[in-house]
Amino acid sequence: MLKNSTPREIALLASLTIGGAILGLSLLLKVVLFSAVSWFAIGVMTVGATGFSYLVVLTYLDRYIYRKIKLIYKTIHSQKISTDIKKEGVDLDQPIIDDVEQEVEEWAENQQIKIQQYERFAEYRRRYVGDISHELKTPIFNIQGYLHTLLEGGYYDEKIAMSFLKKAAKNVDRLQTIVEDLGAISRLESGELILDTEVFDIKDLALEVLDEVDLKSKEMKIELGFKPGADTGFLVEADRESIRQVLVNLVTNSLKYGNPNGSTKIGFYDMDAYILCEVADNGIGIPEKHLPHVFDRFYRVDKSRSRQKGGSGLGLAIVKHILEAHQQTINVRSSPGLGSTFGITLAKA
Ligand code: ADP
């Protein structure tokens with residue numbers, strides 16, 4: 001009951017109780033024991049005791065509560081107690097205990113959230129370091145193996161020397177890709193990517209990207225092109241360089257996981273508020289159970305194919321980060337044997 005009361009109410013209650021007790025005692029003395037105490041004296045005593053106890057209790061509560069509250073505030077707030085609180089002391093007309101209890105509860109909840117965040121972060125770091133060391137281990141072991149074989153005599157066999165040097169060089173390239181992609185991911189995750197948004201034609205950018213990968217697509221005998229309806233331009237507002245990276249990663253993947261004599265087509269769809277840009281291939285496809293994970297860091301459906309093609313397992317994670325930085329989305333539809341379609345949204349200019 002007292003918890004919701006103000007200090008003034010508590011003091012009033014206490015003083016009325018004391019006054020009542022004194023009145024009761026005096027009446028007992030006068031009526032039962034026929035004492036000579038006058039009614040006037042009883043009245044003065046009762047009123048005096050009530051008033052005095054009211055002041056004493058109020059002063060005590062003010063000091064006591066203030067000291068306790070100061071302690072609580074010192075514990076739950078990292079900053080120094082504000083001079084306002086110091087100057088003003090306790091507001092005697094506020095249910096102060098209730099207020100403090102609420103503040104302490106809020107503080108405890110915030111602490112709990114912070115602890116959970118720290119735990120998640122620690123787990124994330126543990127997994128991150130584990131993933132990186134796992135990823136780096138394979139190419140490093142391979143390079144080590146090739147170099148030792150060469151040193152142990154393979155160097156003198158021209159055929160072995162050339163083949164092993166080429167393999168070692170390929171693994172060095174893979175290391176480089178992993179390190180570069182890790183750099184990109186950490187820049188994105190630390191929020192270092194400052195979007196330099198501009199209005200541009202997404203079709204022009206797609207043409208540049210297709211041109212960039214033209215040689216690779218010819219090597220893999222995969223035809224590149226646009227879907228019907230993509231003949232006009234589509235103006236979007238985004239960071240052009242980041243979106244170039246997105247398209248490069250998606251188109252490169254369509255080649256890496258495409259079939260010889262297959263095709264990769266880019267389509268654009270006007271969706272009122274945004275433009276949907278799709279990269280579709282008729283390659284190996286992705287089984288349904290893997291679809292929710294393909295944007296996870298280092299997740300690979302076909303590990304050996306990804307490694308053989310020099311993949312870092314970070315391409316789609318980078319793509320997702322870039323789109324999230326733009327507050328846009330990415331989705332995938334895929335069927336094994338039929339192919340995959342990755343769709344991204346972009347703000348319409
Ligand atoms: P990687 O470097 O391994 O290509 P990504 O993050 O780009 O890493 O892709 C993750 C995984 O998703 C790939 O290893 C591959 O298994 C699958 N994947 C991505 N794009 C395609 C695609 N177009 N067709 C089939 N599988 C794909």
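Please read these numbers as outputs of a predicted model, since none were measured by experiment.

K.L.:
For this particular structure, what's the right way to read the sheet that holds strand β4 (residues 263–271)?
P.N.:
Across a sheet, strands are paired by hydrogen bonds formed along the backbone, either parallel or antiparallel in direction. Overall, mixed pairing links the five strands, which are arranged β2-β4-β5-β7-β6 in an open sheet. Looking at the sheet topology across the chains shown, the edges are occupied by β2 (223–226) and β6 (330–335). Geometrically, the sheet is characterised by an average inter-axis angle of 15 degrees between neighbouring strands, direction not taken into account. Bridging between strand β5 (residues 274–281) and strand β7 (residues 339–347) involves seven bridges; their strand directions are antiparallel. Considered in β7, the bridge of Leu 276 is made with Thr 345. With respect to the sheet, helix α6 (residues 202–212) is in contact with β2, β4 and β7, its orientation differing from that of β2 by roughly 175 degrees. Those strands touched by helix α10 (residues 315–325) are β6 and β7, and its axis lies near 25 degrees from that of β7.

K.L.:
Looking at this structure, how should I read the environment of Gly 48?
P.N.:
By secondary structure assignment, the location of Gly 48 is in helix α2 (residues 39–76). Accessibility expressed as a relative area gives 39% for Gly 48, which makes it partly exposed. For Gly 48 and Gly 311, which are 263 residues apart along the polypeptide, the C-alpha to C-alpha distance reads 90 Å.

K.L.:
Explanation requested: the side chain of Ser 217 in the structure shown.
P.N.:
The residue Ser 217 is located in helix α7 (residues 214–219) in this model. Setting aside its immediate chain neighbours within four residues, Ser 217 contacts Ile 222, Leu 224 and Leu 255.

K.L.:
Where do I start with the packing of helix α4 (residues 96–151) against helix α5 (residues 158–189) in this structure?
P.N.:
The geometry of a pair of packed helices is captured by two quantities: the angle between their axes and the separation between those axes. One can describe the packing of α4 onto α5 by two numbers: an axis separation of 8 Å at closest approach and a directional angle of 165 degrees. The angle between α4 and α5 falls in the class roughly antiparallel. Along this stretch, α4 crosses α5, giving a crossing that reads as left-handed. A breakdown of the residues in the contact of α4 with α5 according to their chemical character gives 19 nonpolar, five polar and four charged.

K.L.:
Looking at this model, I keep getting lost on the domain arrangement of the chain. Mind explaining?
P.N.:
When the parts of a complex come together, some accessible area is lost, and that lost area is often used as the size of the interface. By domain assignment, the chain separates into domain 1 (7–94), domain 2 (119–189) and domain 3 (197–347). A separation of 26 Å is found between the C-alpha centroids of domain 2 and domain 3. At the junction of the two partners, domain 2 supplies 17 residues and domain 3 supplies 13 residues. Buried surface at the junction of domain 2 and domain 3, summed over both partners, amounts to about 1,400 Å²; 61% is from carbon and sulfur atoms. For domain 2, the biggest contributors to the area lost against domain 3 are Glu 135, Arg 174 and Leu 188; these three give 37% of the whole. For the pair domain 2 and domain 3, the interface holds three salt bridges. Summed over the shared surface of domain 2 and domain 3, the result is five residue pairs in polar contact (both at pLDDT 80 or more).

K.L.:
Any chance you could explain the pairing of β7 here in plain terms?
P.N.:
Within a regular strand, the side chains alternate between the two sheet faces. In terms of burial, β7 is a largely internal element, eight of the nine residues being buried. Where β6 meets β7, six bridges bridge the pair, whose relative direction is antiparallel. Counted as the bridge partner of Ser 335 is Gly 339 from β7. Connecting β6 to the next strand, β7, in antiparallel fashion are three residues, including Gly 337 with a positive phi near 85 degrees.

K.L.:
What exactly am I supposed to notice about a nonpolar patch on the surface here?
P.N.:
Taken together, the side chains of Leu 23, Leu 25, Leu 27, Leu 28, Leu 29, Val 31, Val 32, Leu 33 and Trp 39 make up a nonpolar region of the molecular surface, amounting to roughly 860 Å² of accessible area. If you tally residues by element for the nonpolar patch, the top one is helix α1 (residues 7–32), at seven residues.

K.L.:
How should I be thinking about the site of the ligand in this particular structure?
P.N.:
Around the ligand sit 21 residues, and of these Asn 253, Tyr 257, Ser 306, Gly 313 and Leu 316 come closest. Tyr 257 is positioned such that a nitrogen or oxygen atom in its side chain is 2.7 Å from an oxygen atom of the ligand. For the ligand, an oxygen atom lies 2.9 Å from a polar atom in the backbone of Val 301. When each cavity is represented as a set of grid points, the ligand is found to reside in the largest pocket. Elements represented by at least two residues in the shell around the ligand include exactly α8 (240–256), α10 and β7. Examining the composition of the shell around the ligand, we find that three residues originate from one element, α8, more than from any other.

K.L.:
Explanation requested: α4 in the structure shown.
P.N.:
Given 3.6 residues to a turn, an α-helix orients residues that are three or four positions apart in the same direction. An ideal rise of 1.5 Å per residue puts 82 Å on 56 residues; α4 measures up with 80 Å between its terminal C-alpha atoms. Lys 137 marks where α4 bends most, by close to 25 degrees; the proline Pro 139 follows one to four residues later. Ile 96, Val 100, Tyr 128, Glu 135, Pro 139, Ile 143, Tyr 146 and Leu 150 are the residues of α4 that are buried. Structurally, α4 contributes buried residues whose contacts are with α1, α2, α5 and α9 (303–308). Just downstream of α4, Gly 153 is the residue with a positive phi angle, here 130 degrees.

Calculation criteria
Residues numbered from 1 in each chain as written. Predicted model: local features only at pLDDT ≥ 70, side-chain atom pairs only at ≥ 80, totals over all residues. Heavy atoms only, no water. Pairing = 2+ DSSP bridges. Helix = DSSP H or I, 4+ residues; strand = E, 2+ residues; numbered from the N terminus. Axes fitted to C-alpha atoms, helices over the stretch in contact; angles between N-to-C directions. Contact = heavy atoms within 4.5 Å. Buried < 20%, exposed > 50% of the residue type's maximum accessible area, 1.4 Å probe, protein only. Parallel < 35°, antiparallel > 145°, perpendicular 65-115°, else oblique. Left-handed = near helix turned anticlockwise from the far one by under 90°. Nonpolar A, V, L, I, M, F, W, Y, C, P; charged D, E, K, R; others polar. Domains from an automatic or database assignment. Buried area = accessible area lost by both parts, 1.4 Å probe. Salt bridge = Lys/Arg side-chain N within 4 Å of Asp/Glu carboxyl O. Polar contact = N/O pair within 3.5 Å; in protein donor to acceptor, adjacent residues only side chain to side chain. Patch = residues over 30% accessible without salt bridge, like charges linked within 9 Å, V, L, I, M, F, W, Y side chains within 5 Å. Areas by Shrake-Rupley, 256 points an atom, 1.4 Å probe, with all protein chains shown as cover. Near = heavy atom within 4 Å. 1 Å grid on protein atoms, 1.4 Å probe; cavity = no way out; pocket = protein on both sides within 12 Å on 5 of 7 lines; lining within 4 Å. Sits in = over half its atoms within 2 Å of the grid points. Expected span 1.5 Å × (residues − 1). Bend = angle between axes of the 7 residues up to and from the residue.

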